[in-house]
Amino acid sequence: MSENRKVHVELGSRGYDIVIGPGLLGRAGELIKPVLSAPRVLTVTDEEVAKHWLAPYRASLAAAGLTGFELVLPAGE
């Protein structure tokens, strides 16, 4: 199994990190929580992605004590 890798997107004061690797969906909540100012997350996705990945993502957020809200758009939007 390969290790996760953090890549920094350099945008001056608006820069951010991206984590790449296997098994991250199940750890999304624990990875997101430290960068939040409040324990709430808004996720924007489309119907196709939501169909496959929204339930485990929600579970990961809940396990980390985060409240998730979603905006699910029609596929292709």
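Whatever comes next refers back to the structure up there.
The following paragraphs examine the structure supplied in this document. Predicted model only: the values in this text are computed from it and were never measured.

So, about the environment of Gly76. You can see Gly76 is positioned in the segment after strand E4 (67-73). Classification of Gly76 by relative accessible area gives exposed; the value is 75%. Distance from Gly76 to Asp46, taken between C-alpha atoms, is 7.3 Å for residues 30 residues apart in sequence.

We now examine a nonpolar patch on the surface. Together, Leu11, Tyr16, Ile18 and Ile20 make up an exposed nonpolar region whose accessible area comes to about 350 Å². Inspection of the secondary structure assignment puts Leu11 in the loop between strand E1 (5-9) and strand E2 (16-20).

For the coordinates displayed, the defined rule picks out three salt bridges. For Glu30, the salt bridge goes to Arg27, with nearest N and O atoms at 3.3 Å. On the basis of relative accessibility, which here comes to 47%, the residue Glu30 falls in the partly exposed class. The partly exposed category is assigned to Arg27, whose relative accessible area is 30%. Arg58 is paired through a salt bridge with Glu70; the nearest N and O atoms lie 3.1 Å apart. Highlighted residues: Arg58 in helix H2 (residues 47-63) and Glu70 in strand E4, separated in sequence by twelve residues.

This part covers the nonpolar core. Residues Ala28, Val41, Ala50, Leu54, Tyr57, Leu61, Ala64 and Leu66 constitute the largest nonpolar core, which totals eight residues. With near-sequence residues (within four places) excluded, Val41 lies in contact with Ile32, Leu36, Tyr57, Leu61, Leu66, Thr67, Gly68 and Phe69.

Between its first and last C-alpha, H2 extends 23 Å over 17 residues, near the 24 Å set by a 1.5 Å rise per residue. Considering bend angle alone, the principal kink of H2 is centred on Trp53 and spans about 60°; proline Pro56 follows within four residues of it. On its buried side, H2 packs onto helix H1 (28-32), strand E3 (40-46) and E4. Of the residues flanking the start of H2, the one acting as N-cap is Asp46, its side-chain oxygen 3.0 Å from the backbone nitrogen of Glu48. Looking one or two places after H2, you find Gly65, whose phi comes out positive at around 80°.

The rules behind these values
- Residues numbered from 1 in each chain as written.
- Predicted model: local features only at pLDDT ≥ 70, side-chain atom pairs only at ≥ 80, totals over all residues.
- Heavy atoms only, no water.
- Helix = DSSP H or I, 4+ residues; strand = E, 2+ residues; numbered from the N terminus.
- Buried < 20%, exposed > 50% of the residue type's maximum accessible area, 1.4 Å probe, protein only.
- Patch = residues over 30% accessible without salt bridge, like charges linked within 9 Å, V, L, I, M, F, W, Y side chains within 5 Å.
- Areas by Shrake-Rupley, 256 points an atom, 1.4 Å probe, with all protein chains shown as cover.
- Salt bridge = Lys/Arg side-chain N within 4 Å of Asp/Glu carboxyl O.
- Core = buried A, V, L, I, M, F, W, Y, C linked by side-chain atoms within 4.5 Å.
- Contact = heavy atoms within 4.5 Å.
- Expected span 1.5 Å × (residues − 1).
- Bend = angle between axes of the 7 residues up to and from the residue.
- Polar contact = N/O pair within 3.5 Å; in protein donor to acceptor, adjacent residues only side chain to side chain.

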